[in-house]
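# Commentary on secondary and tertiary structure
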Amino acid sequence: MSKIKRSISMYSLQDQYARGKMNLEDIFQYLNELNAGLELISDQMIKGTPDPSEEYLAEWDRLVSVYRPTLVCNDVFINTCLYKNRTLTLKESTDLLIKEIKLTSRLGFPMLRMVSNTPAGIIEPALPYAIENNVILTLEIHAGMSFDDPLTQDYIEVMKKLNSPYVGLTVDTGIFCKRHPRVSTNYFRELGTNEEVIQYIDRIFASGTDPKRYFAKKAVDGDKFPEDLKKLIKNNNDLEYALFSTGYEMSDYHILDEYIPYIKHIHGKIYEMTEEGVEYSISYDEIIDYLTKAGYEGYISTEYEGNRFTLPDHPIKDKENVYAHQMMMKKYLGE
């Protein structure tokens, strides 16, 4: 039986929370019903982050005391684009990360996930605060900004240099898509994306690679797209579909081999759980088998992202998809 554990990212329930369908207490109850750990988006669900009021912290403490959740990870965003005319300096970004570290510790989380475009230069100066507060810093390896991205490479260089148990990686399984998410296709088709562009992208996946790699190989003279695709693009929806398709990667699982010692957490991306109880684009049986054999014993945190592709006048099936993904993981983990 695998030693991998299950959790749920609150990103999955953002619509429930934002529309007032579920408050934090409802979410804590929901997680307990599924016997899953909690991954928080504090920027989204803790008012005043990274400096919430004592009143808000007291309510958090009450919920933790009553429901006793397994606190897995806090996702934070070092928003370097707070101002219209400039990005944050490294010192400003470092100071913000230090605040997030302290809040993560105060909330009771052992780990902090940084968004993919976090500047690598802030990690070393923030590390003493991570150690002092016993918080592991991880960068998300996300499709579209995977291991070959320059910003990711900068972070990995720092991570390897520091060689600290407090610096590691959160891997998003969107880097292992076998095909383009069907919910995205249907959404863009409804907007008017022409079928030729849709079929072009599908053929790339069917050939055993992904659009990001294919475009890099086939495009010329610094263009984003190959010439034959450019001829098919007739409107802005076609253009957006082609651009967004590069956010789904088809990496080999063994791309993780050298990074296994650094992987602290996994985001279990889902776009659409099918009636058969599997994710349409991502083969979780293969991923869990690979991770188990590689010795990974951390959490896989369900992260539902199909919400953004919900068609007009259709309900967002977030809880249904999260539940199905958790049941699928229980099966593959041998629970």
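Residues numbered from 1 in each chain as written. Predicted model: local features only at pLDDT ≥ 70, side-chain atom pairs only at ≥ 80, totals over all residues. Heavy atoms only, no water.

## Details of the overall build of the protein
Stated formally: The helix and strand labels rest on DSSP assignments: H or I over at least four residues marks a helix, E over at least two residues marks a strand, and numbering proceeds from the N terminus. For this measure, only C-alpha atoms enter the radius of gyration; the expected value for a globule follows 2.2 Å times N^0.38, where N is the number of residues. The buried label applies to any residue whose accessible area, calculated with a 1.4 Å probe on protein chains only, is under 20% of its type's maximum; exposed applies above 50%, and partly exposed to all values in between. Contact criterion: two residues are considered in contact whenever any of their non-hydrogen atoms come within 4.5 Å of each other. Here the open area of atoms and residues is found with the Shrake-Rupley method and a 1.4 Å probe, where only the protein chains shown may cover a residue. Only four residue types enter the charge count: Lys and Arg as positive, Asp and Glu as negative, with His and the chain ends excluded. One atom stands in for each charge, and that atom is NZ of Lys, CZ of Arg, CG of Asp or CD of Glu.
Scanning the protein from N- to C-terminus turns up 14 helices and 8 strands. Relative to the globule expectation of 20 Å for 335 residues, the C-alpha radius of gyration of the protein, 20 Å, shows essentially globular dimensions. Overall, the protein is about 55 × 45 × 40 Å in size when its C-alpha atoms are taken along their principal axes. Here the protein holds 335 residues, and the buried ones make up 54% of them. Sequence-distant contacts, at least 24 apart, represent 79% of the contacts inside the protein between residues at least 6 apart. Of the roughly 15500 Å² that the protein leaves accessible, carbon and sulfur atoms contribute 50%. Taking the average location of the 38 positive side-chain charges in the protein and that of its 52 negative ones, the two points are 1 Å from each other.

## Section: the side chain of Gln326
The line we're drawing: Identification of polar contacts relies on pairs of N or O atoms within 3.5 Å, with a donor-acceptor requirement for protein atoms, meaning one able to donate a hydrogen and the other able to accept it, and with residues adjacent in sequence counted only if both atoms are side-chain atoms.
Turning to its location among the elements, Gln326 is positioned in helix α14 (residues 318-333). The exposure class of Gln326 is buried, given its relative accessible area of 0%. Side chain to side chain, Gln326 and Thr302 meet in a polar contact 2.7 Å long. Once residues within four sequence positions are removed from consideration, Gln326 is found in contact with Arg6, Ser7, Ile8, Leu34, Ala36 and Thr302.

## Quick notes on the side chain of Ser281
Position of Ser281 relative to the elements: it lies in the loop between β7 (263-270) and α13 (284-294). A polar contact of 3.1 Å, which involves the side chain of Ser281, links it to the backbone oxygen of Arg179. Here Ser281 is in contact with Phe176, Cys177, Lys178, Arg179, His180, Pro181 and Tyr271, once residues within four sequence places are set aside.

## Overview of the sheet that holds strand β4 (residues 111-114)
Quick reminder of the rule: Pairing between strands requires that DSSP locate at least two bridges from one strand to the other. Convention adopted: a line fitted to C-alpha atoms gives each axis, helices being fitted over their contacting stretch, and angles between N-to-C directions are expressed from 0 to 180 degrees.
Taking strand neighbours around the barrel as the criterion, the 8 strands line up as β1-β2-β3-β4-β5-β6-β7-β8 in a closed arrangement whose pairing is parallel. Strand-to-strand twist across the sheet, computed as the mean angle between neighbouring axes with direction ignored, equals 30°. Direction of pairing for strand β1 (residues 5-9) relative to strand β8 (residues 299-304): parallel, over a ladder of 4 bridges. Residue pairing in the sheet places Arg6 in a bridge with Ile300 of β8.

## Digging into the pairing of strand β3 (residues 71-76)
Two faces belong to every sheet, and in a regular strand the side chains alternate between them. What counts is decided by this rule: Handedness is read with the strands pointing away from the viewer; a crossover is right-handed when the path from the first strand over the helix to the second is clockwise.
Of all the 6 residues making up β3, 6 are buried; the element is thus mostly covered by neighbouring parts of the structure. In the sheet, strand β2 (residues 37-41) pairs with β3 via 4 bridges, with the strands oriented parallel. Considered in β3, the bridge of Glu39 is made with Cys73. Bridge count for β3 against β4 is 3 bridges, and the pairing is parallel. Note on β4: the bridge partner recorded for Asp75 is Arg113. A crossover links β3 with its parallel partner β4, the connecting element being helix α5 (residues 90-107), and its sense is right-handed.

## Observations regarding the pattern of salt bridges
Applicable threshold: By convention in these notes, a salt bridge is any Lys or Arg side-chain nitrogen within 4 Å of a carboxyl oxygen on Asp or Glu.
Per the stated rule, a full pass over the model turns up 28 salt bridges. The closest approach of N and O atoms between Asp51 and Lys99, which form a salt bridge, is 3.1 Å. Placement of Asp51 in the loop between α3 (42-45) and α4 (54-67) and of Lys99 in helix α5 is noted, with a sequence separation of 48 residues between them. Taking relative accessible area as the criterion, Lys99 reaches 39% and is therefore assigned partly exposed. One salt-bridge network, held together by shared partners, links Asp148, Asp210, Lys212, Arg213 and Glu249.

## A short note on unusual backbone geometry
The amide bond that connects Thr49 to the next residue, Pro50, takes the cis arrangement and shows omega of 5°. Considering the arrangement of structural elements, one finds Pro50 in the loop between α3 and α4. One non-glycine residue, Asp313, lies in the positive phi region at around 70°. Structurally, the position occupied by Asp313 is in the loop between β8 and α14.

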